[in-house]
Amino acid sequence: MKISVLGCGRWGSFIGWYLVNNGHEVIQWGTAGNHSFDVLKNTGRNEYVELDSRINLCSDLKFAVENSDIIVISISAQALRTFMQRVVAYNITDKKFILCMKGIEIETGKRLSEVVIESGVNKDNVAVWVGPGHIQAFTKGYPNCMVIDSNNKELVKFLADNLRGDLIRFYYGDDIIGSEIGAAAKNVMGIAAGMLDGGGYTTLKGPLMARGAREVARLIKAMGGNELSAYGLCHLGDYETTLFSEYSNNRNFGESYVKGQPFKKLAEGVSTTKAMKDLGEKYKVDLPITNAVYNILYENNQPMEELLKLFSRSTRKEF
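Residues numbered from 1 in each chain as written. Predicted model: local features only at pLDDT ≥ 70, side-chain atom pairs only at ≥ 80, totals over all residues. Heavy atoms only, no water.

Next up on the list: the packing of aromatic side chains. The full count for this structure, using the stated rule, is ten aromatic pairs. On the basis of an interplanar angle of 35 degrees and a centroid distance of 5.4 Å, the ring pair of W29 and F83 is categorised as tilted. Here F83 lies in helix α4 (residues 80-87) and W29 lies in strand β2 (residues 25-29), a separation of 54 residues in the sequence. One aromatic cluster is present, formed by W11, F14, W17, Y18, W129, F138 and F170 through successive ring pairs. Directly above the ring of F244 sits K205, whose terminal nitrogen or CZ lies 4.1 Å from the centroid. Against the face of Y294 rests K277, its NZ or CZ located 4.8 Å from the ring centre. (Phe/Tyr/Trp six-rings, centres within 6.5 Å; stacked < 30°, edge-to-face > 60°. Helix = DSSP H or I, 4+ residues; strand = E, 2+ residues; numbered from the N terminus. Lys NZ or Arg CZ within 6 Å of the ring centre and 35° of its normal.)

Moving on: the layout of surface pockets. Of the volumes computed, that of the largest pocket is approximately 1,100 Å³. Taken together, the elements giving at least two residues each to the lining of the largest pocket come down to α1 (10-20), α2 (35-43), α4, α8 (176-199), α10 (239-244) and α11 (249-259). Within the lining of the largest pocket, the residues separate by chemical class into 15 nonpolar, 20 polar and nine charged. (1 Å grid on protein atoms, 1.4 Å probe; cavity = no way out; pocket = protein on both sides within 12 Å on 5 of 7 lines; lining within 4 Å. Points joined across faces, edges and corners; volume = space filled by probe spheres on them. Nonpolar A, V, L, I, M, F, W, Y, C, P; charged D, E, K, R; others polar.)

Bringing helix α7 (residues 153-163) into the picture now. A turn of α-helix holds 3.6 residues, and therefore any two residues three or four places apart point the same way. If you check which residues of α7 are buried, you get L155, V156, L159, A160 and L163. The buried residues of α7 occupy an angular sector of 120 degrees when the element is viewed end-on, so they sit on one face. Of the residues flanking the start of α7, the one acting as N-cap is N152, its side-chain oxygen 3.0 Å from the backbone nitrogen of E154. (Buried < 20%, exposed > 50% of the residue type's maximum accessible area, 1.4 Å probe, protein only. Arc of directions from axis to C-beta. Polar contact = N/O pair within 3.5 Å; in protein donor to acceptor, adjacent residues only side chain to side chain.)

Let us look at the packing of helix α9 (residues 205-222) against helix α13 (residues 288-299). Between α9 and α13, whose axes approach to 8 Å, the crossing angle comes to 100 degrees. Here α9 lies roughly perpendicular to α13, going by the angle between them. Residues L208, R211, G212, E215 and R218 of α9 pack against P288, I289 and T290 of α13. When its residues are assigned to classes, the contact of α9 with α13 shows three nonpolar, two polar and three charged. (Axes fitted to C-alpha atoms, helices over the stretch in contact; angles between N-to-C directions. Parallel < 35°, antiparallel > 145°, perpendicular 65-115°, else oblique. Contact = heavy atoms within 4.5 Å.)

With that settled, the discussion passes to the nonpolar core. It is characteristic of soluble globular proteins that their nonpolar side chains tend to be buried jointly. I181, L219, M276 and L307 are the most contacted members of the largest nonpolar core, which totals 38 residues. For this core, the secondary-structure elements that each account for two or more residues are α8, α9, α10, α12 (269-283), α13 and α14 (303-310). In terms of residue count, the dominant contributor to this core is α8 (eleven residues). Look past the residues within four positions of I181 in its chain and what remains in contact with it is I104, R111, L219, I220, M223 and L279. Formed by 30 residues, the second largest nonpolar core is a distinct cluster that contains I15, L19, V20 and I148. (Core = buried A, V, L, I, M, F, W, Y, C linked by side-chain atoms within 4.5 Å.)

Glancing now at the pattern of salt bridges. Per the counting criterion, the structure on display carries 21 salt bridges. The closest approach of N and O atoms between K265 and E47, which form a salt bridge, is 3.6 Å. Separated by 218 residues along the polypeptide, K265 in the loop between α11 and α12 and E47 in the loop between α2 and β3 (56-58) bring together distant segments of the chain. Overall, the relative accessible area of 58% leaves E47 in the exposed class. Notably, a salt bridge pairs E180 with R111, separated by 2.7 Å at the nearest N-O pair. Pair noted here: E180 is in helix α8 and R111 is in the loop between β5 (96-99) and α5 (112-118), with a separation of 69 residues, a long-range link. (Salt bridge = Lys/Arg side-chain N within 4 Å of Asp/Glu carboxyl O.)

Within strand β1 (residues 2-6), four of the five residues are buried, which leaves the element mostly enclosed by the surrounding structure. Examined bridge by bridge, β1 and β2 share five bridges and lie parallel to one another. Residue pairing across strands places S4 opposite I27, the latter belonging to β2. (Pairing = 2+ DSSP bridges.)

This next bit is on the environment of A267. Note on placement: A267 falls in the loop between α11 and α12. Residue classification places A267 among the buried positions, given a relative accessible area of 10%. C-alpha of A267 to C-alpha of N187: the two residues are 80 residues apart in sequence and 7.9 Å apart in space. Setting aside chain neighbours within four positions, we find A267 in contact with N249, N250 and F253.

Strand pairing in a sheet takes place through backbone hydrogen bonds and is either antiparallel or parallel in direction. As summarised here, the arrangement of the eight strands in space is β3-β2-β1-β4-β5-β6-β7-β8, forming an open sheet in which the pairing is mixed. Where the open sheet ends on each side, the last strands, each with one partner, are β3 and β8 (168-172). Sheet twist, expressed as the mean angle between neighbouring strand axes with direction ignored, is 25 degrees. In this structure, strand β7 (residues 144-150) lies alongside β8, joined through five bridges in parallel fashion.

You can see S179 is positioned in helix α8. According to the relative accessible area criterion, S179 is buried, its value standing at 5%. At 2.7 Å, the side chain of S179 and the side chain of D149 are in polar contact. Filtering out sequence-adjacent residues up to four positions away, S179 remains in contact with V130, V147, D149 and C234.

Okay, unusual backbone geometry next. The phi dihedral of K284 falls on the positive side, at around 55 degrees, and the residue is not glycine. Among the structural elements, K284 can be located in the loop between α12 and α13. At N300, a position not held by glycine, the phi torsion is positive, near 60 degrees. Position of N300 among the secondary structure elements: in the loop between α13 and α14. Residue N300 is classed as exposed on the basis of its relative accessible area of 63%.

The following block contains the structure:
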């Protein structure tokens, strides 16, 4: 298939690498002058992948949008709405969009698929690609399982069947609300896990996982999704790569935060924490872990004091 990948950062560059190695015709787009694009263009690689000679690397957005049937977007979640105004200025008739990014729009609490639909893309042409996996593991040949979800079940099956390869087995998603909220929320749990690591309380990550998945399940249900999605690949199934892996930006951010060390990479969970807190208030769902992380990041509360309060709450039934 002809596929354009918009974004050439960590995940964007990997997706281009993955797709071209599965036999697809790939255009990789980035902004000229942006560090990620310039590194690929000038050196032919970045810290994650080598730029395959079969990939057409370009900075012409019109060319990238109009010369492919499928558009994969992998950029910062909070930049999506503004970016989509540029994309829809071109001919997007019958284009299929896949969002390979995780987050919630902080100003509105909207899921990313909603942002794209509100920008003018037919909802039946929008899908999300979520689930566990780190580029550093994929490029070493270690496989994983991920999920394609959409409002359009035929699109789910088409994309999952055609994008699967030796490295990634795709499952058919059937709850786009749960898939998106679960995928975004796991980054908040990743920050909390990193803070526990940094404070020397790694043993508490077990209770964090159990309670975190239940917390997110309640929110998904209140928003109209299937609460069981929280226990699937979009959320609980992604905990190993997010709460434990040395490659997890969100876990590393949390650990660095507690230790007072600088962290220069993107941790989407920071903005997601604020968005989830607002959603919890909107839907009247108790989100104690999310609120604790929010109090640390946005109210400057003492990290370990705030997190340890979670484990000293009054006795209650487990679920």
